[in-house]
Structure formats: C-alpha cells, structure tokens
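# Results of the structural survey
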Amino acid sequence: MRIKRFTADGMAEALSLVRQELGEDAVILTTREFPVRRWFPWKSRKRVEVVAAVDDSPPTPPAAPDRSVAGAGRERLAAVLERPAAPRAASVGPHYPDRREQPMERAGFEEWEPDWRVLIRKLAAEGASPAASLMTRLTARLMAGGMEEKWAQRLAENAVLQIPDEGPWDMEEALARLREVTGRLLADRIGAPIAPDARVLAFIGPTGVGKTTTIAKLAAIQSLDEERKVALVTADTYRIAAVEQLRTYANIIGIPCMVAYTPDEMRRVIEGLQDYDRILIDTAGRNFSQVDHVQHLMSMLKAASPDETYLVLSLAGKGSDMRRTVEALREVPIDKYVFTKVDETESAASAVDLILRAPKPVSYVTTGQSVPDDIAEANVHHFIDRL
Ligand SMILES: Nc1nc2c(ncn2[C@@H]2O[C@H](COP(=O)(O)OP(=O)(O)O)[C@@H](O)[C@H]2O)c(=O)[nH]1
Ligand SMILES: [Mg+2]
C-alpha cells in the first residue's frame, strides 16, 4: 500500500494528480479544504488536500467466473462492471441450462461498498458539481420507480462514475450509463424459461398479479405450439370463480384441469398425471402476511413436489408490496420470477431492486391481458429500458 498526500487548487486538479501518480486504482482516503492566508484576509483562497492510496501488492489470480457482486473487493466489482454484457438472444430455446443447479442465494449488493464511493461522495459534497446533480437526479428517478434508497444511490453512483471526465454531463448520458451498469449486473439473472425437463411447475404469488392468466398463456404455448402433453391443476379453491377461470382456459386449449383441495388430493392428482410432460399448478394468492396462509401454501407445494416454483409478481404494484411479499414467502423455496403487467408501468426499478436484493433467475414477463400472446421470455431490455 502506497499512501500519498496531494494539494491543488481544486478537487478536479487534485484528483487528476492522484490519477497521474497512483493510477486508476487509487483510493481516496480523505479530502480537506484549507485556506491559504495572504496578506489580505479577503483575498484568501482555498486549497484542497487529498490523501490517496494505492494497493501495489501483486494482483491475485482472477477468480472463477462469477458475475455476482458478492464478496468484497474492487477487483470483483470491476470485473462485473467491465465485462461487456453478454449478448442474449430474445429466445433462448429449449437448450437453456437448468439454473436450479446454480446457487441462487448470493450475497448481494450490501457488500458492494467499494472505496471509490468515498470519491464520489466527496465530489458530491463539493456542491453543485454536475456529477452530484446527476447522481441526485438518477437516485430520485430510481426511487420514484420503487427502488429503495440505498440501492438507488449505489446504482446512480456507479452510473455517474462511468461518465468520462470530459462528459457529456447530462441526464441522457447518465441514463445510458445507468442502463449499461444495471444491464451488466442483471445479465446472468435474466432469461430462464421453463427448463426442458421440468415437469411439475407451480405458480405462486399475491392475488390479482396475473398467475392464472400467465398459466393459461404458458399452457397454450406449451400445448399448441410446442405440442407437449399439458395438464392444469388448481389449488386455488378459495374462490369458486378461480377454478372456473382456469377450467375455461383448459377447455379452450383442450387440456385437462384438475382441482386439489388438500395436500393429499394434490399428491393423488399429480400421481394420476404421470404421463403428462408439463403440469402447471395454480395456487391461491392469499394474504401472505398471515403465517397460516404461507403454511397452507407450503403444504400444498410439498405435496406437489414441483420441479420449478415460480413467484409471480406484478410490476404495476408498489415496490414495497413486492418486497413484503418476498419477505413473507422467504421460507418457500422459489426458483424463478415472473414479472407481470410490464405494459402497465413506466418503471421497472422495483423489479431491478428485487432481482439485486434476492437474486433468482427471471423467466418471463407478461405484457398484457391477451392469452396466449402477451408473454415473452425475459431479457435484460425489459428491465433496463424502463429505468
Ligand atoms: N395489463 C395487464 N393485465 C394483466 C396481465 N396479466 C394479467 N392481467 C390481468 O390481471 C387481472 C388478474 O389476473 P389473474 O390471472 O386472474 O390473477 P391471479 O389472481 O394472480 O390469478 C386480470 O384482469 C388479467 O387479465 C398483464 O401482463 N398485463
Ligand atoms: Mg388466479
């Protein structure tokens, strides 16, 4: 570690000295302004002092590919930020790897506190610098879209940090950088359609988010386009209309629809559907802040023993509600997310917040009420274009 003190007439000059002497990896430890006394006090001017350090110990060999921002350290973060986003085809097709093989829960953003945040903060503290004002505007925009402040701030800081020194320091550039940074963070978390060999699929989530409609869309595509043998099962027996709704879709598509009132029935129904390729299970969207609703859901899921469990969440809802649902369902093993009602919202910030906070692959987004057309395999643009 080399530590050095620099003084200059302004922060920009000081930082450029730091960069010249210590290189791009330098970390700002402290900054301070001090007046230079002249003969006449009213003519005193300010100088800036920056203490910076650089770690010049030999570099550690690169870690195995892992795009999570987990694990402290600038290198990991830099690797995440600098690796170009992998181009991702809109439709990934049936060869898509089964992501259940991968560890889902990675340590998240919390640990992502690189030292150069200090630098940005200092810049912000300078007052009306363009960097500070863009950071504030980006943060406010993300928060208005439902992202929690600390995440909004970090994304905004990272975006602004990517703007070259010579600018342009405007919102258009800042947004482009925000999309770039977010895209890289999300890249390996988005685009995970139904795994080819997954047979039993359960869909859970709050009421009204679009579970039944999404199941109808997927069932129609799987059955009519992909010519698989598809069956529907509903455990949403709380409302009579819910059973009828699913049954109507099943009749139109021409596939069976079974009802399971209890875990035992669920077990029997699934057993009876052994020669079906895909069994899509609809569940009741109850108020999951009540523990017994979660327990009931868990016992149904346990009986169904799904290969994949999808948590369906609506982008039209509030970010805080979405986070509450995820928190209430923390005991439920969830494999993937489906985000609905993308057509009803201008901002996907709340979804980005969730994907960064509780990382799971995002499989589909739905874009309207039309069965079966308004559904697409999720891609990064569904999210970053709405930031
Ligand atoms: N705008 C829009 N509406 C949707 C979408 N998906 C579902 N809906 C509507 O949301 C309402 C609730 O859907 P439903 O499937 O019954 O929700 P569930 O209670 O979660 O099963 C219905 O009016 C659907 O037509 C979507 O992607 N966009
Ligand atoms: Mg329903």
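Residues numbered from 1 in each chain as written. Chains lettered and ligands numbered in written order. Predicted model: local features only at pLDDT ≥ 70, side-chain atom pairs only at ≥ 80, totals over all residues.

### Structural notes on the overall build of the protein
Heads up, the rule is: Runs of E in the DSSP output that reach at least two residues are strands. Runs of H or I that reach at least four are helices, and both are numbered from the N terminus. Residues with at least 20 neighbouring C-beta atoms inside 10 Å of their own are called buried, those with 12 or fewer are called exposed, and the rest are partly exposed, where every C-beta is derived from the backbone.
A tally of helices and strands in the protein yields 13 helices and 11 strands. Out of the 387 residues in the protein, the part that is buried amounts to 40%.

### A word on the pairing of strand β5 (residues 230-234)
The test is simple: Note: two strands are recorded as paired if DSSP finds a minimum of 2 bridges between them.
Counting buried positions over the 5 residues of β5 gives 5, a clear majority of the element. Side chains of β5 alternate between two faces, with V230, L232 and T234 and A231 and V233 buried alike. Pairing of β5 with strand β7 (residues 278-282), which is carried by 5 bridges, proceeds in the parallel orientation. The residue of β7 that forms the bridge with V230 is R278. In the sheet, β5 pairs with strand β6 (residues 257-259) via 3 bridges, with the strands oriented parallel. The partner of L232 across the bridge, within β6, is C257.

### Side note on the packing of helix α9 (residues 263-272) against helix α10 (residues 291-304)
Quick reminder of the rule: Where helices are involved, their axes are fitted lines through C-alpha atoms of the stretch in contact, as for all axes, and angles between N-to-C directions lie from 0 to 180°. Geometric relationships in this document are graded by angle, where less than 35 degrees denotes roughly parallel, more than 145 denotes roughly antiparallel, 65 to 115 denotes roughly perpendicular, and other angles denote oblique. The handedness criterion is simple: a crossing whose near helix is rotated anticlockwise from the far helix by less than a right angle is left-handed, and one whose near helix is rotated clockwise is right-handed. Contacts are defined on C-beta atoms placed from the backbone: any two residues whose C-beta positions lie within 7 Å are in contact. Residue type decides the class: Asp, Glu, Lys and Arg count as charged, Ala, Val, Leu, Ile, Met, Phe, Trp, Tyr, Cys and Pro as nonpolar, and the leftover types, Gly among them, as polar.
Here α9 crosses α10 at 25 degrees, and the two axes come no closer than 8 Å. Regarding the angle of α9 to α10, the classification is roughly parallel. As α9 packs across α10, the resulting crossing turns out to be right-handed. Facing α9, whose interface residues are P263, M266, R267 and I270, α10 presents S299, M300, K302, A303 and A304. Grouping the constituent residues of the contact of α9 with α10 by class yields 6 nonpolar, 1 polar and 2 charged.

### So, the packing of helix α5 (residues 149-161) against helix α6 (residues 171-186)
Between α5 and α6, the least distance of the axes is 8 Å, while the angle of their chain directions is 115 degrees. In terms of orientation, α5 and α6 fall into the roughly perpendicular class. Between α5 and α6 lies a crossing of right-handed hand. In this structure, α5 contributes L155, A156, N158, A159 and V160 to the contact, and α6 contributes A174, R177, L178, V181 and T182. Tallied by class, the residues present in the contact of α5 with α6 amount to 7 nonpolar, 2 polar and 1 charged.

### Details of helix α1 (residues 11-22)
For clarity, the cut-off: Expected span of a helix: the number of residues minus one, times 1.5 Å. What the arc covers is the set of directions going from the helix axis to the C-beta atoms.
The terminal C-alpha atoms of α1 lie 16 Å apart, and with 12 residues this matches the ideal 16 Å at 1.5 Å per residue to within 8%. All of the buried residues along α1 are A14, L15 and V18. The arc that holds every buried residue of α1, seen down its axis, measures 95 degrees, which confines them to one face. Looking one or two places after α1, you find G23, whose phi comes out positive at around 90 degrees.

### Some remarks on the nonpolar core
Side chains of a nonpolar character, in soluble globular proteins, are inclined to be buried together. Heads up, the rule is: Put simply, a nonpolar core is buried Ala, Val, Leu, Ile, Met, Phe, Trp, Tyr and Cys residues tied into one set by C-beta atoms within 7 Å. The domain limits used here are those given by an automatic or database domain assignment.
By size, the foremost hydrophobic cluster in this structure holds 82 residues, and its most contacted members are A219, L232, L280 and V352. Among the domains, domain 2 (74-189) and domain 3 (200-384) are the pair contributing at least three residues each to this core. When neighbours within four sequence positions are excluded, L232 is seen to be in contact with I215, A219, L246, A250, I255, C257, L280 and D282.

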